[in-house]
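Spelled out from the first residue to the last, the chains are:
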Amino acid sequence: MLSPWVVLAFCCLGQLCADQSVKPHLAAPHLATNNPTLTTVALEKPFCIFDSSLRPNKSYIIYLYAMKESASAISSLVTDNSSKPLDSTFQQTSGGQLGPYKAALFSVPNCASPPKLADVGDVNKVSDVLKQYLFRVGDDGTCLYDPNFLAVCNPPLAPDTTYRFKYMLVDSTEGIVKDQTLWSDPIKTRRVRLPLKIDTWPGRRSGDMIVITSILSVLVFLLLAGFLASVSSVVMGSEDSSAETKCMSRTIQQSEPAPQLSSE
């Protein structure tokens, strides 16, 4: 029978392994529809992930890094030799092609008071809940072109491109990395669809549905043509009857003898 200390050691080891296997994930579908988009990816914020690394009277901040999957494994490091986070930018890494860039920084999510997902149904609270719960990578379309922009730039991602993401816990006083997640699984943005390939039907149609629709269209056309022909025939018949009546009236008038004047 295992001693309590051995059990405790296994539990701690299990917790450590669990922490080391944490990765950023896509936000829940019911909170972030159409995710990813052509140029953005909505991720869950790291709630309760770094709690074991937090110390009292310390100030921390979360860094979010992004890189294209095509970047080499050697260039995926996000710290220097002194355990300080890299300040590589979107421009310096060619949009993550050459390695990870800092896409965002934000406060450590409050694990003791997470957002209530039930409040998503309240129109007055949904915006605040989503801001607390998720972060949208690629949501700033102006920072690259604003010469006065000094914050961390989070420009649009490239369409039809695979990215990976990583969260990092940084001691904001010492500027040293205290903890970090693994890189996320590959996440691919949507592909731009050519106009000719866009399905403009209200819903997709099978081959049988197309045939049935075509037959019904032809039948409706024939019924409409027959109806118009019958109406036209009735109108023409009434016009002929009216003309014949007028002609007979004139003939009768001409055949009647003129009245003779009586002579006194």
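The structure displayed is predicted, hence computed values, not measured ones.

1. What about the pattern of salt bridges?
A complete count under the given rule lists eight salt bridges for this structure. Between Asp185 and Lys23 there is a salt bridge whose closest N-O contact spans 2.9 Å. Taken as a pair, Asp185 in the loop between β6 (176-180) and β7 (187-188) and Lys23 in the loop between α1 (4-20) and β1 (41-44) lie far apart in primary sequence, 162 residues in all. Residue Asp185 is classed as partly exposed on the basis of its relative accessible area of 40%. Its salt-bridge partner being Asp160, residue Arg191 comes within 3.6 Å of it at the nearest N-O pair.

2. Remarks on the layout of surface pockets
The volume enclosed by the largest pocket comes to roughly 180 Å³. Lining the largest pocket are 14 residues; nearest its centre among them are Thr89, Gln91, Ala151, Val152 and Cys153. Class assignment for the residues of the lining of the largest pocket results in eight nonpolar, three polar and three charged.

3. Re the packing of aromatic side chains
Inspection of the entire model under this criterion finds five aromatic pairs. Where Phe106 meets Tyr167, the ring centres are 6.1 Å apart and the plane angle is 80 degrees; that geometry is what we call edge-to-face. Of this pair, Phe106 sits in strand β3 (residues 101-106) while Tyr167 sits in strand β5 (residues 162-171); the two residues are 61 residues apart in sequence, bridging distant segments of the chain. Look at Tyr163 and Phe165: their rings are 6.3 Å apart centre to centre, the planes differ by 20 degrees, and that puts the pair in the stacked class. Each member of the pair, Tyr163 as well as Phe165, is classed as buried. These aromatic residues form a ring-pair network of at least three members: Phe106, Phe135 and Tyr167. The positively charged end of Lys45 is found above the aromatic ring belonging to Phe106, 4.8 Å away from the centroid.

4. Some remarks on the pairing of β6
Inspection of the sheet shows β5 paired to β6 by four bridges, in the antiparallel sense. When the sheet's bridge partners are listed, Met168 is paired in β6 with Gln180. Connecting the antiparallel pair β5 and β6 is a turn made up of four residues, with Gly175 showing a positive phi of about 70 degrees.

5. Quick look at unusual backbone geometry
Across the junction of Asn35 and Pro36, the peptide omega takes the value 0 degrees, indicating a cis bond. If you trace the backbone, Pro36 turns up in the loop between α1 and β1. With a phi close to 60 degrees, Asn57 is a non-glycine residue in the positive phi region. Structurally, Asn57 is set in the loop between β1 and β2 (60-68). Looking at Asn57, the relative accessible area reads 83%, which means it is exposed.

6. With respect to the environment of Ser184
With respect to the secondary-structure elements, Ser184 resides in the loop between β6 and β7. Between the C-alpha atoms of Ser184 and Tyr163, which are 21 residues apart in sequence, the distance is 8.5 Å. Ignoring anything within four residues of it in the chain, the contact list for Ser184 reads Lys23, Pro24, Arg164 and Phe165.

7. What to know about the nonpolar core
Core analysis: the biggest nonpolar cluster contains 20 residues, and Leu43, Leu64, Val137, Leu157, Phe165 and Tyr167 have the highest contact counts within it. For this core, the secondary-structure elements that each account for two or more residues are β1, β2, β3, β4 (134-137) and β5. Not counting chain neighbours up to four residues away, the residues in contact with Leu43 comprise His25, Leu26, Ala27, Leu64, Tyr133, Leu134, Phe135, Val137, Phe165, Tyr167 and Ile187. Residues Tyr63, Met67, Val78 and Val170 belong to the second largest nonpolar core, which totals 10 residues.

Thresholds, definitions, all that
- Numbers given to residues run from 1 along each chain, matching the order in which its sequence is written.
- Thresholds applied to this predicted model are a pLDDT of at least 70 for local features of residues and 80 or more for the giving and counting of side-chain atom pairs; totals over whole chains, interfaces and linings are not thresholded and use all residues.
- Side-chain figures throughout are based on the complete set of non-hydrogen atoms in the structure, without hydrogens or water.
- We count a salt bridge whenever a side-chain nitrogen from Lys or Arg sits within 4 Å of a carboxyl oxygen from Asp or Glu.
- Under the scheme used here, helices are H or I runs from DSSP no shorter than 4 residues and strands are E runs no shorter than 2 residues, and both carry numbers assigned from the N terminus.
- Exposed residues in this analysis have more than 50% of their type's maximum accessible area, buried residues have under 20%, and partly exposed residues fall in between, with area computed by a 1.4 Å probe over protein chains only.
- A cavity, in this analysis, means grid points on a 1 Å lattice covering only the protein atoms where a 1.4 Å probe fits yet has no way out; a pocket is instead an open set bounded by protein on both sides within 12 Å along at least five of seven lines, and a residue lines either one if it has an atom within 4 Å of a point.
- Grid points are joined across faces, edges and corners, and a volume is the space filled by probe spheres set on the points.
- Gly is put with the polar residues, along with every residue not named as nonpolar or charged; the nonpolar set is Ala, Val, Leu, Ile, Met, Phe, Trp, Tyr, Cys and Pro, and the charged set is Asp, Glu, Lys and Arg.
- Only rings of Phe, Tyr and Trp enter the pairing, Trp through its six-membered ring, and a pair is recorded when the two centres are within 6.5 Å. The plane angle decides the type: under 30 degrees is stacked, over 60 is edge-to-face, the rest tilted.
- Any Lys NZ or Arg CZ that is within 6 Å of a ring centre and within 35 degrees of that ring's normal is treated as a charge sitting over the ring.
- Only strands joined by at least two bridges in the DSSP assignment are considered to pair.
- Here, residues are in contact when the closest pair of their heavy atoms is within 4.5 Å.
- As used here, the term nonpolar core means buried Ala, Val, Leu, Ile, Met, Phe, Trp, Tyr and Cys residues forming a set that is joined through side-chain atoms within 4.5 Å.

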